[in-house]
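# Results of the structural survey
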Amino acid sequence: MIQTELEALHRQLLDLTKAVVEVCEENGISYYLSSGSCLGAIRHHDIIPWDDDVDLGIHYRDYHKLAQAFADNKDFFYQDIETDPEYFQHWPKLRKNHTTSMDVHYRQMSMHWGICVDLFPLVPYDKPEVDRKTKIKLRALSVLARLPYYRVMGTSFQHKVWAALYKMLGQRGRKKLFFRIMDSIAAPEGAYLLEIDNTPYGFIVHKDVYGEGVPAQLHDLSAKVPSDWDQYLKTLYGDDYMEIPPEDSSLRYCHSSSLVDCEKDYSFYQTSEDISPS
């Protein structure tokens, strides 16, 4: 992605982040800039220059408040397995309408593909490490979320088995089982928070590290980061997290398979043979 395209994408991501922050603060929802977005706010006071997404951590019990707040919004779409039946990830996103951020490998999926920010669940947990039972449950969440993908694009025998499971469960059964498993992971009095992100088993940080959150600057937006952001970032990235990685470093990661268009609706690319943004 060339620099001018990345800058345009960053403006869209900041609009999305501002919308989430405003809704959270108006409705008493705890949130934090998460992972690389927290690092960007602390190290760059902005989105990391080469990054192409924004991550936020939100208590999973508050998701219904977010869904309600964005239900009739004309600019944004709150996406999860309930609002978008073909969505196949196990964490929600907020999408910008009339834009495109589409993984070209999955464009057959008839879901909303607008530019988005990730809303990773923060689940209270009672252990400093993810135990075997929880790993099985996290794997189950991932499989349940991906059932529409297996139905539309699955090719292996195992994928066809999962597709048959989806046919048996139906959308209603899939949703009910998904949220039941999520609830079973939570330990309401636990001393830790498990952030269920886009890695197999997420990561765990003591809830005191998150605290109430403190404001940090993300470009022209003030947004909360964990109260002990130094410990949080050391836990995720090591003691040298303030060092800028060299240009040829694998740490300068972006989603190279994503087709991004800040001005054209994703539906154009779902029906067009031309999958290059103009």
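Structural data are supplied above this passage.
Scope of this entry: the structure provided in the associated data block.

### Focus on the packing of helix α2 (residues 35–43) against helix α7 (residues 229–237)
- At a minimum axis separation of 10 Å, α2 and α7 run at an interaxial angle of 125°. Taken together, α2 and α7 sit at an angle that is classed as oblique. In this structure, α2 crosses over α7, and the sense of that crossing is left-handed. Two secondary-structure elements touch here, α2 through Ser35, Gly36, Cys38, Leu39 and Ile42 and α7 through Trp229, Tyr232, Leu233, Leu236 and Tyr237.
- Taken together, the residues that form the contact of α2 with α7 break down as eight nonpolar, two polar and no charged.

### What to know about helix α5 (residues 157–185)
- Between the first and last C-alpha of α5 there are merely 29 Å, a value that for 29 residues lags more than 12% behind the 42 Å anticipated at 1.5 Å per step.
- Taking the largest bend as the criterion, α5 deviates by roughly 95°, centred on Gly170.
- Within α5 the residues assigned to the buried category are His159, Ala163, Tyr166, Gly173, Arg174, Phe178, Ile181, Met182 and Ile185.
- Turning to α5, the residues buried within the fold contact β6 (116–125), α4 (132–153) and β7 (192–195).

### A word on the environment of Ser258
- As for its position among the elements, Ser258 is in strand β11 (residues 258–261).
- The spatial distance from the C-alpha of Ser258 to the C-alpha of Met102 is 5.2 Å, given a sequence separation of 156 residues.
- Non-local contacts of Ser258, meaning those with residues more than four positions away in its chain, are made with Met102 and Asp103.

Cut-offs and rules
- Sequence order sets the numbering: in each chain, residues are counted from 1 along the sequence as written.
- The predicted origin of the model limits local features to residues at a pLDDT of at least 70 and limits the giving and counting of side-chain atom pairs to 80 or more, whereas totals for whole chains, interfaces and linings rest on all residues.
- Side-chain metrics rest on all non-hydrogen atoms present in the structure, leaving aside hydrogens and water.
- Here the axes come from fitting lines to C-alpha atoms, over the contacting stretch only for helices, and the angles between their N-to-C directions go from 0 to 180 degrees.
- A run of DSSP states H or I qualifies as a helix once it reaches four residues; a run of E qualifies as a strand once it reaches two. Both are numbered from the N-terminal end.
- Any angle that is under 35 degrees is reported as roughly parallel, and any over 145 degrees as roughly antiparallel; angles of 65 to 115 degrees are reported as roughly perpendicular and all others as oblique.
- Here a crossing is called left-handed whenever its near helix is offset anticlockwise from the far helix by less than a right angle, and right-handed whenever the offset is clockwise.
- Residues are treated as being in contact if the distance between any of their heavy atoms lies within 4.5 Å.
- Here the term charged refers only to Asp, Glu, Lys and Arg, the term nonpolar to Ala, Val, Leu, Ile, Met, Phe, Trp, Tyr, Cys and Pro, and the term polar to all other amino acids, Gly among them.
- Here, expected helix span is obtained from the residue count minus one, scaled by 1.5 Å.
- In this scheme, the bend at a residue equals the angle between the axes fitted to the seven residues that finish there and the seven that begin there.
- Type-normalised accessible area, obtained with a 1.4 Å probe on protein chains alone, sets the label of each residue: buried when under 20%, exposed when over 50%, and partly exposed for intermediate values.

Don't take any of this as a statement about function, it's just geometry.
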